[in-house]
Structures are given as C-alpha cells and as structure tokens.
Amino acid sequence: MSRESLTDALRQQLVSAAQEVRSWAYAPYSHYAVGAALLTASGRIYDGVNVENAAYPAGICAERVAVFKAVSEGEREFLAVAVVTPNGGSPCGSCRQVLAEFGLETLVLIANAAGEVLREMTVAELLPGAFRADDLVADATP
Ligand code: THU
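Residues numbered from 1 in each chain as written. Predicted model: local features only at pLDDT ≥ 70, side-chain atom pairs only at ≥ 80, totals over all residues. Heavy atoms only, no water.

### Focus on the site of the ligand
The ligand sits among Ser30, Tyr32, Val34, Asn50, Glu52, Cys61, Ala62, Glu63, Ser90, Pro91 and Cys92. Residue Glu52 places a side-chain N or O atom 2.5 Å away from an oxygen atom belonging to the ligand. Contact distances for the ligand include 2.5 Å between an oxygen atom and a side-chain N or O atom of Glu63. With the chains in place, 77% of the 370 Å² that the ligand exposes on its own is no longer accessible. (Near = heavy atom within 4 Å. Polar contact = N/O pair within 3.5 Å; in protein donor to acceptor, adjacent residues only side chain to side chain. Areas by Shrake-Rupley, 256 points an atom, 1.4 Å probe, with all protein chains shown as cover.)

### Here we look at the sheet that holds strand S5 (residues 117-122)
Strand order in the open sheet made by the five strands is S2-S1-S3-S4-S5, with mixed pairing throughout. Pairing within the sheet leaves two strands with one partner each, and these edge strands are strand S2 (45-49) and S5. Between one strand axis and the next, the sheet turns through 15° on average, direction left out of account. Direction of pairing for strand S3 (residues 78-84) relative to strand S4 (residues 107-111): parallel, over a ladder of five bridges. Of the residues in S4, the one forming a bridge with Val83 is Ile110. Set on the sheet, helix H2 (residues 62-71) makes contact with strand S1 (35-40), S2 and S3; between it and S2 the angle comes to about 140°. (Pairing = 2+ DSSP bridges. Helix = DSSP H or I, 4+ residues; strand = E, 2+ residues; numbered from the N terminus. Axes fitted to C-alpha atoms, helices over the stretch in contact; angles between N-to-C directions. Contact = heavy atoms within 4.5 Å.)

### Re the packing of aromatic side chains
In this structure the tally under the stated criterion is two aromatic pairs. Their ring planes at 40° and their centres at 5.5 Å tell us that Tyr29 and Tyr56 sit as a pair that is tilted. One end of the pair, Tyr29, is in the loop between helix H1 (8-21) and S1; the other, Tyr56, is in the loop between S2 and H2, and 27 residues separate them in sequence. The class for Tyr29 is partly exposed, based on a relative accessible area of 37%. Here Phe78 and Phe102 contribute two aromatic rings whose centre-to-centre distance is 5.7 Å and whose plane-to-plane angle is 65°, an arrangement assigned as edge-to-face. One end of the pair, Phe78, is in strand S3; the other, Phe102, is in the loop between helix H3 (93-101) and S4, with 24 residues separating them in the sequence. For Phe78, a relative accessible area of 7% gives the class buried. (Phe/Tyr/Trp six-rings, centres within 6.5 Å; stacked < 30°, edge-to-face > 60°. Buried < 20%, exposed > 50% of the residue type's maximum accessible area, 1.4 Å probe, protein only.)

### Thoughts on the packing of H2 against H3
Contact pair H2 / H3: the axes reach a minimum separation of 9 Å and the direction vectors enclose 25°. With respect to each other, H2 and H3 are oriented roughly parallel. Between H2 and H3 lies a crossing of left-handed hand. The segment H2 lies against H3, with Glu63, Arg64, Val67 and Phe68 engaging Ser94, Cys95, Val98 and Leu99. Split by residue class, the contact of H2 with H3 holds five nonpolar, one polar and two charged. (Parallel < 35°, antiparallel > 145°, perpendicular 65-115°, else oblique. Left-handed = near helix turned anticlockwise from the far one by under 90°. Nonpolar A, V, L, I, M, F, W, Y, C, P; charged D, E, K, R; others polar.)

### What about the nonpolar core?
Side chains that are nonpolar tend, in soluble globular proteins, to be buried together. In this structure, Leu38, Val67, Val81, Leu99 and Val108 are the most contacted members of the largest nonpolar core, which totals 21 residues. A total of four residues in this core trace back to one element, the largest contributor, which is H2. The residues touching Val81, leaving out its near neighbours within four places in the chain, are Leu14, Ala36, Ala37, Leu38, Leu99, Thr106, Leu107, Val108 and Leu109. With 15 residues, the next largest nonpolar core counts Leu10, Ala18, Val84 and Leu109 among its residues. (Core = buried A, V, L, I, M, F, W, Y, C linked by side-chain atoms within 4.5 Å.)

Following this line, the structure appears as structure tokens:
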C-alpha cells in the first residue's frame, strides 16, 4: 500500500477506528481520553489508547501505544495515523519523536470527539528537525 491508496474512505475508516477505541482509554487522572489508529503499508490498522498511571509519568499516550503495538508485531512502515481527542488536541512531543523514527512522511489526521478532522499534516511538518538515526555518529563523544 502506498500514500496514493489513502482514499477518503480509508481516512474515514482510520478516524472511526480511533474514535471507537477511545472508549477504552484509561484516563482517570486527566479525563482526557485519546484514541489512535495507525495504518501500516501492509494495510493493517493498529489502534491505541492513552493508559495513565497513579505514578503520572508512567502513563503513555495513545499514539505511542499504537506505534509500539505495530512495531512489536513486525510493522515499520506507516502511511497514516488518526488521533481522536476530546477537542482535536495535538500529539505531544514524545509521540512526534516516536512517529518520526519510522518516517517523516506519515500523515497525521487530528480529529475531535465527533470525528471531525481539524488538521492534517505530515510528521515532518509536526516535528521539524527531528532527531534521527543519522544524528547518531560514532565519534560524537566530546
Ligand atoms: N495524550 C495522548 O494520549 N495523546 C495526545 O496526543 C495528547 C495527550 C494523553 C496523555 C494523557 O493521558 C492525557 O492525554 C492528557 O495529557
């Protein structure tokens, strides 16, 4: 599957998938439920929700759950990710960085709880100047 196969119907399917899983978000502290749905080049959709913790920093965002689920099942090429939040809030810096690891051209669809896509952009646009594998050089020690 390539970017060209990202039809309107498929985009809608991604947003709906993210919207549906949002009800599984475990967000008793922020009450900010997030659902994500990630489309791989192989045509599969991996979803994720935010999972919070009483020890706050141990929690994780929906986007990273979706990416880690996909990568842990052998997927590394992502065409698009839909993120559904209550108000169309933007992916956090850590999620941008994790998405950037697997491609700067992944399309990010940001939608509100009603499933309205408020913004769409590539990971490159979301995180200009991402730290990437090329930045790790063998002789970097000062
Ligand atoms: N959160 C996500 O899951 N994704 C985002 O794009 C933004 C923030 C979560 C983290 C935390 O559980 C809650 O939303 C409030 O920050």
